[in-house]
Amino acid sequence: MGLEVLLFVPNVIGYIRVLLLGIAWAYFHEPEVFIPCYVISIILDGVDGWAARRLNQTSEFGAWLDVVVDNLGRGMLWSMLFEAGWLVAAVEWCVFVCTHSALGAQWKSRLGAGPPWVQAVMANGFKTPPGVLAIGGLHVLPVWLYGYQRGVLTEPLSIPAWLQGLGAIVLIAGRLLCFTVEVWCIWMHIRFLTRDEKAAKEEE
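Attention in this report is confined to the structure presented alongside it. Keep in mind that what you see is a predicted model, and the values were worked out from it rather than measured. Just so you know, the residues in each chain are numbered from 1, in the order the chain's sequence is written. In keeping with the model being predicted, local features are shown solely for residues with a pLDDT of at least 70 and side-chain atom pairs are shown and tallied solely at 80 or more, while totals for entire chains, interfaces and linings include all residues. Processing note: side-chain calculations cover all non-hydrogen atoms of the structure and skip hydrogens and water entirely.

### Let's talk about the side chain of H139
Secondary structure elements follow DSSP: runs of H or I of four or more residues count as helices, runs of E of two or more count as strands, with numbering from the N terminus. If you trace the backbone, H139 turns up in helix α7 (residues 129–149). Look past the residues within four positions of H139 in its chain and what remains in contact with it is I42, D45, D70 and R74. Note on contacts: a residue pair is in contact if any heavy atoms of the two residues lie within 4.5 Å.

Now the structure itself:
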């Protein structure tokens, strides 16, 4: 495939996402700039996958870049929202190392054979109720909390206080569900690293 993969359309979209996140970080205290840049970056996260499949430009680099940009964005936001927000980012980076170092670009399909709740979340590319809940908690919760902190949910969106609270509860539940999958991924990687290679070869 070579270095030309760096100029694949989905990867160029990834670079644009990085630029948008840089602008969002620079204007963190100005919601009118931060929110559009950050939300467009999230939307493009879906566009790059579609473009990769449509143009037959899937690659291991693209799969790696996609998750790196996701983690950069959420890590930046969590760290700036709360003093201990870096802990959330640290868990996400740890999961990234666990899934991509041993499983590569096919990590989603290979993890789909886990416990029932993991299968429920990851089935059909996360296009299940548990999957949507988990992904919503992963991607939307930090933006929702930003909007709450900055008063954006109240003005100009005019979302009632009860609905803001309900939205937070649902998204937190989704993030906790996602966290259980993350813990399972880390545990599976620990088991992989501590496997008995000699016994595995004998079984073969």
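After that view, the rundown keeps rolling.
### Quick look at α7
Residue count minus one, scaled by 1.5 Å, sets the expected span of a helix. Counted at 1.5 Å a residue, the expected span for α7 with its 21 residues is 30 Å, and the 28 Å between its end C-alpha atoms agrees. At V140, α7 shows its maximal kink, close to 45°; a proline, P142, follows between one and four residues later. Immediately beyond the C-terminal end of α7, within one or two residues, lies G151, with a positive phi of roughly 75°. Throughout, the bend at a residue refers to the angle made by two axes, fitted to the seven residues ending there and to the seven starting there.

### Quick look at the state of the cysteines
Note on terminology: disulfide describes a covalent bond linking the sulfur atoms of two cysteines. Note on disulfides: each one is a pair of cysteine sulfur atoms within 2.5 Å. This model, assessed by the stated rule, comprises zero disulfides. Its sulfur unpaired, C178 is 8.7 Å from the next cysteine sulfur, which belongs to C185. For C178, a relative accessible area of 11% translates into the label buried. Each residue's exposure class comes from its accessible area (1.4 Å probe, protein chains only) as a fraction of the maximum for that residue type: buried when under 20%, exposed when over 50%, partly exposed otherwise.

### Observations concerning the nonpolar core
The set of buried Ala, Val, Leu, Ile, Met, Phe, Trp, Tyr and Cys residues whose side-chain atoms join them within 4.5 Å is what this entry labels a nonpolar core. F34, Y38 and L77 are the most contacted members of the largest nonpolar core, which totals 25 residues. The element best represented in this core is helix α3 (residues 60–81), accounting for six residues. If we skip the residues at most four places from it in the chain, L77 touches F28, F34, Y38, P142, V143 and Y146. Membership of the second largest hydrophobic core comes to eleven residues, among which are V95, M122, A134 and L138.

### Re the packing of α7 against helix α8 (residues 161–193)
Here an axis means a line fitted to C-alpha atoms, over the contact stretch when the element is a helix, while the angle between two N-to-C directions is reported on a 0 to 180 degree scale. The interhelical angle for the contact between α7 and α8, taken along N-to-C directions, is 130°, at an axis separation of 7 Å. For the element pair α7 / α8, the angle class is oblique. With respect to the hand of their crossing, α7 and α8 are arranged in left-handed fashion. Facing P130, L133, A134, G136, G137, L138, V140, L141, W144 and Y148 of α7, the residues of α8 in contact are L163, Q164, G167, A168, V170, L171, I172, G174, R175, L177, C178 and E182. Each angle gets one of four labels, with under 35 degrees taken as roughly parallel, over 145 as roughly antiparallel, 65 to 115 as roughly perpendicular, and the rest as oblique. For a crossing to be left-handed, the near helix must be turned anticlockwise from the far one by less than a right angle; the clockwise case is right-handed.

### Describing the packing of aromatic side chains
Only the six-membered ring of Trp is used, alongside the rings of Phe and Tyr, when aromatic pairs are assigned; centres must lie within 6.5 Å, and planes under 30 degrees apart are stacked while those over 60 apart are edge-to-face, with the rest tilted. A complete count under the given rule lists seven aromatic pairs for this structure. Considering the side-chain rings of F28 and F34, the 5.4 Å spacing of their centres and the 80° angle between planes classify their relative orientation as edge-to-face. Measuring from centroid to centroid gives 5.7 Å for F61 and W64, while their planes differ by 35°, and the two rings are tilted. A residue pair is termed a helical-turn pair when its members lie 3 or 4 positions apart in one helix, as F61 and W64 do in helix α3 at three residues. Note on F61: relative accessible area 25%, which makes it partly exposed. Take W64: its relative accessible area is 38%, and that puts it in the partly exposed class. Here the aromatic cluster, defined as three or more aromatic residues joined through ring pairs, consists of F28, F34, Y38 and Y146.

### Some thoughts on the environment of L81
Tracing the backbone shows L81 in helix α3. The exposure class of L81 is buried, given its relative accessible area of 7%. Between the alpha carbons of L81 and Y146 there is a distance of 6.9 Å; along the sequence they are 65 residues apart. Excluding its chain neighbours within four sequence positions, the residues that come into contact with L81 are F28, P142, L145, Y146 and Q149.

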